[in-house]
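# Close look at the chain arrangement
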Amino acid sequence: MKIGMIGTGKMGGTLGKLWAEKGHQVFFGSRQPQKVQELAAQVGHGAQGGSVAQAAAYGEVLLLGVPWKAAQETVQSMGNVDGKVLIEIVNGVDMQKGPALGFTTSIAEQIAAWAPGARVVNAFNSVHWETLLEPDFDGQSATLFYCGDDAAAKTITAQLGAEIGLDPVDCGPLWMARQLEPVGFLWIYLAYVAGQGPQTALKWLKR
Ligand SMILES: NC(=O)c1ccc[n+]([C@@H]2O[C@H](COP(=O)([O-])OP(=O)(O)OC[C@H]3O[C@@H](n4cnc5c(N)ncnc54)[C@H](OP(=O)(O)O)[C@@H]3O)[C@@H](O)[C@H]2O)c1
């Protein structure tokens, strides 16, 4: 699958590397194309690097992993993304005030409004980047909660998560991001405010 990584930091860089290792064709898109060409060379497996617009044009699937403050500008710089699967992982967390947009909408819905032709899936909010490297916790894999309005886009997201060892759980339509984004907030609170640290993950149990 051709995947454009928009945002090449801890999350975008790590996911791009892991998906390239799984045989996907990965294109890293950055505000600094020179920097990501070096990243692509390090990753290998045919990975490429260039601008955000180039990565967005390349990918059938796009991963949006930028800070919330940069999300609108980044989405607008992607160009035409009609019909593409857009997996957005953006957390907008203020430890004093809570979720950036409150509880009556979500970052995922806002991003979908900025990219109305894209098939937006919200995912990865509560998965720390180090968990991507080591998703197994004593035989149990960390849960990948995700939601969206396009069934095929969600299936692709679930497959991409499962391929790297996560346990995908479909959480319904895109507006359920109003619930999932605060779950990311919960995880950040437990890890960094309550002091449990980043070697922790959330798990949905079932019998
Ligand atoms: N870290 C985690 O464990 C984690 C887990 C779940 C979700 N998230 C969310 O995923 C997103 C990415 O997190 P991250 O940890 O990968 O962040 P990061 O390491 O800081 O990387 C962010 C990337 O965003 C790009 N970017 C574009 N505009 C930017 C701007 N104005 N300022 C700074 N960076 C800008 C940068 O790429 P270029 O410089 O190449 O353009 C940078 O590599 C965030 O929304 C975060 O809340 C993070």
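What you are looking at is a predicted structure, and each value in this text was computed from that prediction instead of being measured. (Residues numbered from 1 in each chain as written. Predicted model: local features only at pLDDT ≥ 70, side-chain atom pairs only at ≥ 80, totals over all residues. Heavy atoms only, no water.)

## Some remarks on helix H5 (residues 107-114)
For H5, the set of buried residues is Ile107, Ala108, Glu109 and Ile111. Turning to H5, the residues buried within the fold contact strand E4 (61-64), helix H4 (71-77), strand E5 (85-88), strand E8 (119-123) and helix H8 (177-193). (Buried < 20%, exposed > 50% of the residue type's maximum accessible area, 1.4 Å probe, protein only. Helix = DSSP H or I, 4+ residues; strand = E, 2+ residues; numbered from the N terminus. Contact = heavy atoms within 4.5 Å.)

## Focus on the site of the ligand
Lining the immediate surroundings of the ligand are 21 residues, of which Thr8, Lys10, Met11, Ser30 and Val66 lie closest. Within the backbone of valine 66, a nitrogen or oxygen atom sits 2.7 Å from an oxygen atom of the ligand. Alone, the ligand offers 870 Å² of accessible surface; in the complex the protein occludes 79% of this. Most atoms of the ligand, that is more than half of them, are within 2 Å of grid points of the largest pocket. For the shell around the ligand, a count of residues per class yields nine nonpolar, eight polar and four charged. (Near = heavy atom within 4 Å. Polar contact = N/O pair within 3.5 Å; in protein donor to acceptor, adjacent residues only side chain to side chain. Areas by Shrake-Rupley, 256 points an atom, 1.4 Å probe, with all protein chains shown as cover. 1 Å grid on protein atoms, 1.4 Å probe; cavity = no way out; pocket = protein on both sides within 12 Å on 5 of 7 lines; lining within 4 Å. Sits in = over half its atoms within 2 Å of the grid points. Nonpolar A, V, L, I, M, F, W, Y, C, P; charged D, E, K, R; others polar.)

## As for the pairing of E8
The side chains of a regular strand alternate between both faces of the sheet. Buried residues dominate E8, accounting for four of its five residues. As judged from the three bridges shared by E8 and strand E11 (residues 143-148), these two strands associate in the antiparallel manner. Across the sheet, asparagine 122 pairs through a bridge with cysteine 147, a residue of E11. (Pairing = 2+ DSSP bridges.)

## A look at the nonpolar core
In this structure, Leu15, Trp19, Phe28, Ile87, Phe124 and Leu132 are the most contacted members of the largest nonpolar core, which totals 33 residues. If you tally residues by element for this core, the top one is helix H1 (residues 10-21), at five residues. Every residue in contact with leucine 132, bar those within four places of it in the chain, is listed here: Met11, Thr14, Leu15, Leu18, Phe124, Val127, Ile164 and Leu166. Counting residues in each nonpolar core, the second largest holds 32 residues, with Leu62, Ile107, Leu174 and Ile188 among its members. (Core = buried A, V, L, I, M, F, W, Y, C linked by side-chain atoms within 4.5 Å.)

## Let's talk about the pattern of salt bridges
Counted according to the given criterion, the structure contains five salt bridges. In this structure, arginine 119 engages aspartate 150 in a salt bridge whose closest nitrogen and oxygen atoms are separated by 2.9 Å. A residue pair is termed long-range when its members are at least 10 positions apart, and arginine 119 in strand E8 and aspartate 150 in the loop between E11 and helix H7 (151-163) qualify at 31 residues. Residue arginine 119 is classed as partly exposed on the basis of its relative accessible area of 24%. The closest approach of N and O atoms between aspartate 170 and lysine 154, which form a salt bridge, is 2.9 Å. Here aspartate 170, found in strand E12 (residues 167-170), pairs with lysine 154, found in helix H7; they are 16 residues apart in sequence, far enough to count as distant. (Salt bridge = Lys/Arg side-chain N within 4 Å of Asp/Glu carboxyl O.)

## Description of empty space enclosed by the protein
Summed over the entire model, instances satisfying the criterion amount to two cavities of 30 Å³ or more. In this structure, the largest cavity spans a volume of roughly 90 Å³. If you trace the largest cavity, you find 15 residues lining it, with Gly92, Pro99, Ala100, Ile107 and Glu181 closest to the centre. Here the element with the most residues in the lining of the largest cavity is H8; it accounts for five residues. (Points joined across faces, edges and corners; volume = space filled by probe spheres on them.)

Function cannot be read off these values alone, since they describe shape.
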